[in-house]
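Architecture at a glance
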Amino acid sequence: MSMEFDIHTHSSQGSACSRMSVEDLVQAACKKGLSGICITDHDYCWDPGNLAKLHNESGVQVYSGVELSTPVGEILVYGVHQPLLYLREDLSKLTLRVEELGGVMVAAHPFRMDFGVSTLSREERGLEPIDIEELCRRSVFSFVNTLEIFNGRSSWREILAAQKAAAILGKKGTGGSDAHSTLSVGSCVTVFDYPVLNEAQLVSQLRKGSFYAKKKEETQNVLGM
Ligand SMILES: [Zn+2]
Ligand SMILES: [Zn+2]
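Residues numbered from 1 in each chain as written. Chains lettered and ligands numbered in written order. Predicted model: local features only at pLDDT ≥ 70, side-chain atom pairs only at ≥ 80, totals over all residues. Heavy atoms only, no water.

Side note on the coordination of the zinc ion (ligand 2)
Reference geometry at the metal: tetrahedral coordination by four donors gives ideal angles of 109.5 degrees; octahedral coordination by six donors gives 90 or 180 degrees. Rules: Each metal's donors comprise the N, O and S atoms found within 2.8 Å of it (within 3.2 Å for Na, K or Ca). Water is not part of the atom list, so some coordination spheres may appear incomplete. Metal sites are grouped by the angles between bound donors: all angles between 85 and 135 degrees with four donors is tetrahedral, opposite donors over 155 degrees apart with the others between 65 and 115 is square planar for four donors and octahedral for six, and any other pattern is irregular.
Within the protein, the atoms that donate to the zinc ion (ligand 2) are His8 (NE2), His10 (NE2), Glu67 (OE) and Asp178 (OD), at distances of 2.1 to 2.3 Å. One can describe the donor arrangement at the zinc ion (ligand 2) as irregular, given that its four donor atoms subtend angles of 82 to 175° at the metal. Here the donor residues of the zinc ion (ligand 2) are spaced in sequence according to H-x1-H-x56-E-x110-D.

Remarks on the coordination of the zinc ion (ligand 1)
We apply this condition: Working definition: helices are DSSP H or I runs of at least four residues, strands are E runs of at least two. Numbering for both runs from the N terminus. Only protein chains enter the area calculation, which uses a 1.4 Å probe; residues under 20% of their type maximum are buried, those over 50% are exposed, and those in between are partly exposed.
Protein coordination at the zinc ion (ligand 1) comes from Glu67 (OE), Glu74 (OE) and His109 (NE2), with a distance range of 2.1 Å. The sequence motif formed by the donor residues of the zinc ion (ligand 1) is E-x6-E-x34-H. Between the zinc ion (ligand 1) and the zinc ion (ligand 2), the interatomic distance is 3.4 Å, and Glu67 donates to each metal, bridging them. Highlighted residues: Glu74 in strand β4 (residues 73-78) and His109 in the loop between β5 (104-107) and α4 (112-115), separated in sequence by 35 residues. Under the relative-accessibility criterion, Glu74 is labelled partly exposed at 25%.

Notes on the environment of Val144
Heads up, the rule is: Every residue pair with non-hydrogen atoms within 4.5 Å of one another is taken to be in contact.
Of note, Val144 is situated in the loop between α6 (140-143) and β6 (146-151). Between the C-alpha atom of Val144 and that of Gln163, which follows or precedes it by 19 residues, the distance is 16 Å. Those residues in contact with Val144, other than ones at most four positions away along the chain, are Ile75, Met105, Val106, Ala107 and Lys171.

As structure tokens, this is what we get:
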């Protein structure tokens, strides 16, 4: 049985931009039949004990990650339960620390700034077309383990670019809804090749590339979100 996890979600407790309590988030994941979720609030660290309680009550595995704002873009970190915020300006140190702690780093929606949420192409907007090979040379890719390809808030142009970049970089690419409300929970997921029964198994499969990204529903394209 394949296991589907939404590994990019935001709760109102940890992200001011989210309207969804962690309880509602877990309930929505349960309704969508997901095996689990990772809550990746912005620069915020969840207490694993509280999340284990939610797991026990719901049957949905609940793990914490964090979405760090860094000079090279937003980076999702999994498997680390210690503060990393103080390292976000120094990517080399951050990468070393995450490695030391056995975590994994994923470039979140890496081309959001390049494609935006507009339905118009860059050409139609009077912008230069983008060379994906060029994008792949960005320094962020020398720090992260992989990149997010399916993000529930990305335009299809952005997703296409991320898919091409993943192929060029030889990475699998993850999927996550980036949900800020219950409606979009599970719209994009990461499907793991082997059973995930605990966080260590999730992190090790993310590190090894034993997964693929899947888009389950038409992604919402919410302007300004
Ligand atoms: Zn983000
Ligand atoms: Zn996010």
